[in-house]
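Architecture at a glance
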Amino acid sequence: MRTCNILSIAGSDPSGGAGIQADLKTFSALGGYGMAVVTALTAQSTAGVAGVQEVPAEFVGSQLETLLNDARVDAVKIGMLANTGVIRAVVKALDAYELPCVVLDPVMVAKSGDRLLSPDAIDAVRTELVPRADLITPNLPEAAELLGENERHDLSSMREQAERLVELGATRVLLKGGHLSGQSSTDLLVTPDGLTETFSAERIATRNTHGTGCTLSSAIATLRPQRRNFSEAVREAKDYLTEALRHADELDAGRGKGPVHHFHRLWAAGERA
Ligand SMILES: Nc1ncnc2c1ncn2[C@@H]1O[C@H](COP(=O)(O)OP(=O)(O)OP(=O)(O)O)[C@@H](O)[C@H]1O
Ligand SMILES: Cc1ncc(COP(=O)(O)O)c(N)n1
């Protein structure tokens, strides 16, 4: 099978834990060829975000146009978009190039609490991006924000919120339960035909969870073209992420919430610990 080209449209995280750096590591680890269009530079470490320099929307558009006039893309992962102008540039490219397999991680706030999306851009995410994605992967606060509702922390309310996100126009929703408590970390996949699938994994006891959402959405984007359906891709992506979390404490990338470990040499060799 030919290697799939996976495009990340996201912000840069110099600490390597989240954003395009995490996305590119994930693409490679899972057998994809990674490409990246940068939407924003962050000054960031495991301790948090010290500053954000947004890339002008026209230049995001220019990066996309230059790349997409040349390269075939098999799947797209969208992460930090910063503002409405950048969202519109991305929407224009999604439509013009009819990009396949769009996985949208609607990044709003970093684990450190710093904002990565301007509050006035949430409406554009909801109305312009969500309906264009094949899968959206909100965490609990992002789902609540998109719906204009309170955050819910139990599985049955999560299911209801995921269903309302489908009513909002999302083709599929993977509502992530990383912010729940308990022994397992459970995500729900809801599709337009009303089917709900539960993906549960052991909750790893670590403070090093920086970039879990970026890693999961990138793994799904990489695996979907290589698998029969989203369900298979999500299952394997979650396994990959759980292994990356299991090995996170082996890294020494800073003193705050550290990154997950893209353990790709062993993973690629099929030698999971
Ligand atoms: N401690 C943990 N152990 C196992 N899985 C976890 C843990 N924390 C999060 N996850 C899983 O990581 C994925 C991302 O979930 P989470 O809800 O943390 O997303 P997120 O908040 O968007 O992540 P990010 O902070 O990177 O944006 C989900 O599959 C979730 O179940
Ligand atoms: C550039 C960029 N994109 C996404 C995240 C979210 O990741 P996290 O919530 O783990 O901080 C981040 N911190 N930085």
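Residues numbered from 1 in each chain as written. Chains lettered and ligands numbered in written order. Predicted model: local features only at pLDDT ≥ 70, side-chain atom pairs only at ≥ 80, totals over all residues. Heavy atoms only, no water.

Under the convention used in this document: UniProt positions are given in the numbering used here, feature names are shortened, and annotations may be inferred rather than shown by experiment.
The name an unreviewed UniProt entry assigns to the chain is Hydroxymethylpyrimidine kinase, from the organism Streptomonospora alba. The record in UniProt for the chain states the following under Pathway (unreviewed entry): "Cofactor biosynthesis; thiamine diphosphate biosynthesis; 4-amino-2-methyl-5-diphosphomethylpyrimidine from 5-amino-1-(5-phospho-D-ribosyl)imidazole: step 3/3." Comment text from UniProt for the chain, heading Function (unreviewed entry), reads "Catalyzes the phosphorylation of hydroxymethylpyrimidine phosphate (HMP-P) to HMP-PP, and of HMP to HMP-P."

**Here we look at the overall build of the chain**
Quick reminder of the rule: By the criteria applied, helices consist of DSSP H or I runs no shorter than four residues and strands consist of E runs no shorter than two, each listed in order from the N terminus. Based on C-alpha atoms, the radius of gyration is set beside the globule rule, defined as 2.2 Å times the residue count to the power 0.38. Relative accessible area decides the class of each residue, using a 1.4 Å probe on protein chains only: under 20% of the type maximum gives buried, over 50% gives exposed, and in between gives partly exposed. Each accessible area value is a Shrake-Rupley result obtained with a 1.4 Å probe; residue values ignore everything except the protein chains displayed when judging cover. Only four residue types enter the charge count: Lys and Arg as positive, Asp and Glu as negative, with His and the chain ends excluded. To locate a charge, take atom NZ for lysine, CZ for arginine, CG for aspartate or CD for glutamate.
Looking only at helices and strands, the chain has nine helices and nine strands in total. For 273 residues, the compact-globule estimate of 2.2 N^0.38 gives 19 Å, and the chain sits close to it at 17 Å. Seen along its three principal axes, the alpha-carbon backbone of the chain occupies a region of about 45 × 45 × 40 Å. Across the 273 residues that make up the chain, the buried fraction comes to 56%. Summed over all atoms, the accessible surface of the chain reaches about 11,800 Å², with 48% contributed by carbon and sulfur. For the chain, the centre of its 27 positive side-chain charges and the centre of its 35 negative side-chain charges are spaced 3 Å apart.

**Comments concerning the UniProt feature "domain: Pyridoxamine kinase/Phosphomethylpyrimidine kinase" (unreviewed entry) in the chain**
Mapped onto this structure's residue numbering, the UniProt feature "domain: Pyridoxamine kinase/Phosphomethylpyrimidine kinase" (unreviewed entry) falls at residues 13-261. The span residues 13-261 shows a helical share of 38% and a strand share of 18%, and its end C-alpha atoms are spaced 15 Å apart.

**Re the pairing of strand β9 (residues 196-202)**
Basically, it comes down to this: In short, DSSP must find at least two bridges between two strands for them to pair.
With seven bridges connecting them, strand β8 (residues 184-190) and β9 associate as antiparallel partners. Across the sheet, the residue bridging to S184 is E202, located in β9.

**Describing the packing of helix α3 (residues 84-96) against helix α4 (residues 122-129)**
Quick reminder of the rule: Angular values range over 0 to 180 degrees, each being the angle between N-to-C directions of two axes fitted as lines to C-alpha atoms, with helices fitted over their stretch in contact. Any angle that is under 35 degrees is reported as roughly parallel, and any over 145 degrees as roughly antiparallel; angles of 65 to 115 degrees are reported as roughly perpendicular and all others as oblique. Should the near helix be turned anticlockwise from the far one by less than a right angle, the crossing is left-handed, and should it be turned clockwise, the crossing is right-handed. Working rule for contacts: check all heavy atoms of both residues, and any pair within 4.5 Å makes them a contact. Polarity classes work like this: nonpolar for Ala, Val, Leu, Ile, Met, Phe, Trp, Tyr, Cys and Pro, charged for Asp, Glu, Lys and Arg, and polar for all others, with Gly in that last group.
Two elements in contact, α3 and α4, have axes separated by 9 Å at closest approach and are oriented at 10°. Classified by the angle between their axes, α3 and α4 sit roughly parallel to one another. The interaxial crossing formed by α3 with α4 has right-handed handedness. For the pair formed by α3 and α4, the contact residues are T84, I87, R88, V90, V91 and L94 on the first element and A124, V125, E128 and L129 on the second. Of the residues in the contact of α3 with α4, the class split is seven nonpolar, one polar and two charged.

**As for the packing of aromatic side chains**
Note the following rule: For Phe, Tyr and Trp, where Trp contributes only its six-membered ring, two rings pair if their centres lie within 6.5 Å, and the inter-plane angle classes them as stacked under 30 degrees, edge-to-face over 60, or tilted in between. Placement of a charge over a ring requires the Lys NZ or Arg CZ to be within 6 Å of the ring centre, with the centre-to-atom vector within 35 degrees of the ring normal.
Inspection of the entire model under this criterion finds zero aromatic pairs. Note that R224 overlies the ring of F230, its terminal NZ or CZ placed 5.4 Å from the centroid.

**Description of the side chain of T39**
Among the secondary structure elements, T39 is positioned in strand β2 (residues 33-45). When sequence neighbours within four positions are dropped, the list of residues in contact with T39 reads I9, A10, G11, E54, V55, V60, M80, L81 and V86.

**Focus on the side chain of D105**
Note the threshold: Polar contact criterion, stated in full: a pair of N or O atoms within 3.5 Å, where within protein one must be able to donate a hydrogen and the other to accept it, and residues adjacent in sequence count only if both atoms are side-chain atoms.
Within the element layout of this structure, D105 appears in the loop between β5 (102-104) and α4. Looking at D105, its side chain comes within polar contact range of the side chain of T137, at 3.4 Å.

**Side note on the site of ligand 1**
The line we're drawing: For each residue, the test is whether any non-hydrogen atom lies within 4 Å of the molecule or strand; if one does, the residue is near.
Near ligand 1, the surroundings consist of 18 residues, among which K111, K176, S185, D187 and G213 are the closest. At a separation of 2.8 Å, an oxygen atom of ligand 1 approaches a polar side-chain atom of N139. The backbone of I204 places a nitrogen or oxygen atom 2.8 Å from a nitrogen atom of ligand 1. Burial of ligand 1 by the surrounding chains reaches 94%, relative to a free accessible area of 620 Å². Going through the elements one at a time, β8, α7 (212-223) and α8 (230-246) are the ones with two or more residues in the shell around ligand 1. The element contributing the most residues to the shell around ligand 1 is α7, with four residues.

**Quick look at the environment of I204**
Along the chain, the position of I204 falls in the loop between β9 and α7. Residue classification places I204 among the buried positions, given a relative accessible area of 18%. Measuring from C-alpha to C-alpha, the distance between I204 and V260 comes to 11 Å, with 56 residues separating the pair along the chain. When residues no more than four places from it in sequence are discounted, the contact partners of I204 are T242, L245 and R246.

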